[in-house]
Amino acid sequence: MVLHYKCPHCGSDMIYDADTGKLACPSCRTRLDIEEMDVPREPAGEATETVTWHCNNCGADLMALPETAATTCSFCGAGVVIAERVTGDQSPHYVIPFTISKEEAIKAFKKWCRNGLLTPKGFMTADRIKNITGIYVPFWLYDLNSRARVNATATKVRTYTSGDYLYTETSYYDVYRELDLHYVKVPVDASVKMDDRFMDRLEPYQYSGLKEFKPPYLAGYLAEKYQFTDAELLDRAKNKIRSYIESAIGSSLSGYTTVTRLSEDIETRNVKSHYVLLPVWLVVYDYDNFEHNFVMNGQTGKVVGKPPLSYGKIAAWFGGIAAGVFLAMKFLSLAMGGGFL
């Protein structure tokens, strides 16, 4: 079953409007509050393979990949949601709706391009945006508990004088630390297609914007359902908090002159995990006969990607640094009464 959201007044297709946070009709400007809408909760059937769906607008039959949860008709542009993939057991718990519209995303991307100090001048004009697509990317949010037990030896060194003598006093300690650490809403993307490095760098999302999931939020956008379970991605979540655990252990061992860790046991378990959809703008930029792909946080506007570099600007930048170092050394030499050739 596919869900079309029709305007109750004029019958046009409605889409989610990032500016108002409501379902909007582009024809008569009718607005519907999604929180007050009655939406299906139970699946109409299983949809785990590629399926054919029928567009109620133009009558076209189109294919949907196994991971597709929401899409648009290639012929008439109508936005549809595949109900079986966002209801029942496959329903996301929460969603962060887009707060940046397509027009705002284009404007923010152009501004980001102009800030590239080492990018080619032609790229900075940002006038070659080939495509920009809004997609809800599946994530798991983990609440994790880590228990760390550390055995170490430590020293404290004190230096003092008494009479004509300088004394150094070293005290030795056996140290034991047991930490109970809690981390909430650790995000890990559950999409095969999205680059994990890009998704990690899009953080942070503002989780105060989480809303209970309802299918109308997806109208007019693309969306995927998760391709990895929370159990399959748990190790990635653990790796994401590893540096924070190390920092907490280090802080608990502060105050000593030296610390030597003898043993360290860290046990991390998943207390709770939530399946959520987070908003991402995919930007394809055509520059120098090559497509450059970028992603933008659909809530904060943060842009991540690898822009092209201008080798002329890089050479000039390093040349400026070299010239600055040369002049600094010359002035230092003159100030000290010497010469510099």
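My aim in this report is to walk through the structure given alongside it, one point at a time. No experiment lies behind these values; they were computed from the predicted model shown.

### Description of the overall build of the protein chain
The helix and strand tally for the protein chain stands at 5 helices and 16 strands. Expressed as a percentage of the 341 residues in the protein chain, the buried residues total 40%. For the protein chain, long-range pairs separated by at least 24 residues make up 70% of all intrachain contacts whose partners lie at least 6 apart in sequence. Split by element, the accessible area of the protein chain, about 18900 Å² in all, is 53% carbon and sulfur.

### With respect to the environment of H4
Mapped onto the elements of the fold, H4 is located in the loop between β1 (2-3) and β2 (15-17). The exposure class of H4 is buried, given its relative accessible area of 15%. In sequence terms H4 and G79 are 75 residues apart; their C-alpha atoms lie 6.8 Å from each other. Setting aside anything within four residues of it in sequence, one finds H4 in contact with D13, H54, C55, N56, N57, A78, G79 and V80.

### Looking at the environment of L234
Structurally, the position occupied by L234 is in helix α4 (residues 234-252). In contact with L234, not counting residues within four places along its chain, are Y142, L144 and N270.

### Observations concerning the sheet that holds strand β4 (residues 31-32)
Read from one edge to the other, the open sheet built from 3 strands follows the order β2-β3-β4, with strand pairing classed as antiparallel. The sheet is open, and its two edges are formed by β2 and β4, each paired on a single side. Sheet topology note: the strand β3 (residues 22-24)/β4 ladder contains 2 bridges and is antiparallel. Looking at β4, one finds that L23 is bridged to L32.

### Details of the nonpolar core
F109, Y136, Y142, L218 and W281 are the most contacted members of the largest nonpolar core, which has 58 residues in total. Secondary-structure elements contributing two or more residues to this core are β7 (68-72), α1 (102-114), β10 (129-162), β11 (165-189), α4, β14 (258-287) and β15 (290-297). The element that contributes the greatest number of residues to this core is β10, accounting for 9 residues. Membership of the second largest hydrophobic core comes to 16 residues, among which are F198, L202, V295 and V304.

### Re a positive patch on the surface
Positive charge collects at one region of the surface, where K107, K110, K111 and R114 lie side by side. Here R114 is to be found in helix α1. With a relative accessible area of 48%, R114 lands in the partly exposed category.

### Re the side chain of E67
Within the fold, E67 resides in the loop between β6 (61-64) and β7. Side chain to side chain, E67 and K193 meet in a polar contact 3.0 Å long.

### What about α4?
End to end, α4 covers 26 Å across 19 residues, agreeing with the expected 27 Å (1.5 Å per residue, within 8%). The largest bend in α4 is about 40°, located at I241. Considering only its buried residues, α4 is in contact with β10, β11 and β14.

### Focus: the side chain of D13
Along the chain, the position of D13 falls in the loop between β1 and β2. There is a polar contact of 3.1 Å between the side chain of D13 and the side chain of K6.

### A few points about the state of the cysteines
Enumeration according to the criterion identifies 0 disulfides in this entry. C7 carries a free sulfur, and the closest cysteine sulfur to it, the one in C28, is 3.4 Å from it. Looking at C10, it has no disulfide partner, and the nearest cysteine sulfur is the one in C25, 3.4 Å off. Its relative accessible area of 39% is what places C10 among the partly exposed residues.

Quick notes on the rules
- Residues numbered from 1 in each chain as written.
- Predicted model: local features only at pLDDT ≥ 70, side-chain atom pairs only at ≥ 80, totals over all residues.
- Heavy atoms only, no water.
- Helix = DSSP H or I, 4+ residues; strand = E, 2+ residues; numbered from the N terminus.
- Buried < 20%, exposed > 50% of the residue type's maximum accessible area, 1.4 Å probe, protein only.
- Contact = heavy atoms within 4.5 Å.
- Areas by Shrake-Rupley, 256 points an atom, 1.4 Å probe, with all protein chains shown as cover.
- Pairing = 2+ DSSP bridges.
- Core = buried A, V, L, I, M, F, W, Y, C linked by side-chain atoms within 4.5 Å.
- Patch = residues over 30% accessible without salt bridge, like charges linked within 9 Å, V, L, I, M, F, W, Y side chains within 5 Å.
- Salt bridge = Lys/Arg side-chain N within 4 Å of Asp/Glu carboxyl O.
- Lys, Arg positive; Asp, Glu negative; His and termini not counted.
- Charge placed at Lys NZ, Arg CZ, Asp CG, Glu CD.
- Polar contact = N/O pair within 3.5 Å; in protein donor to acceptor, adjacent residues only side chain to side chain.
- Expected span 1.5 Å × (residues − 1).
- Bend = angle between axes of the 7 residues up to and from the residue.
- Disulfide = S-S within 2.5 Å.

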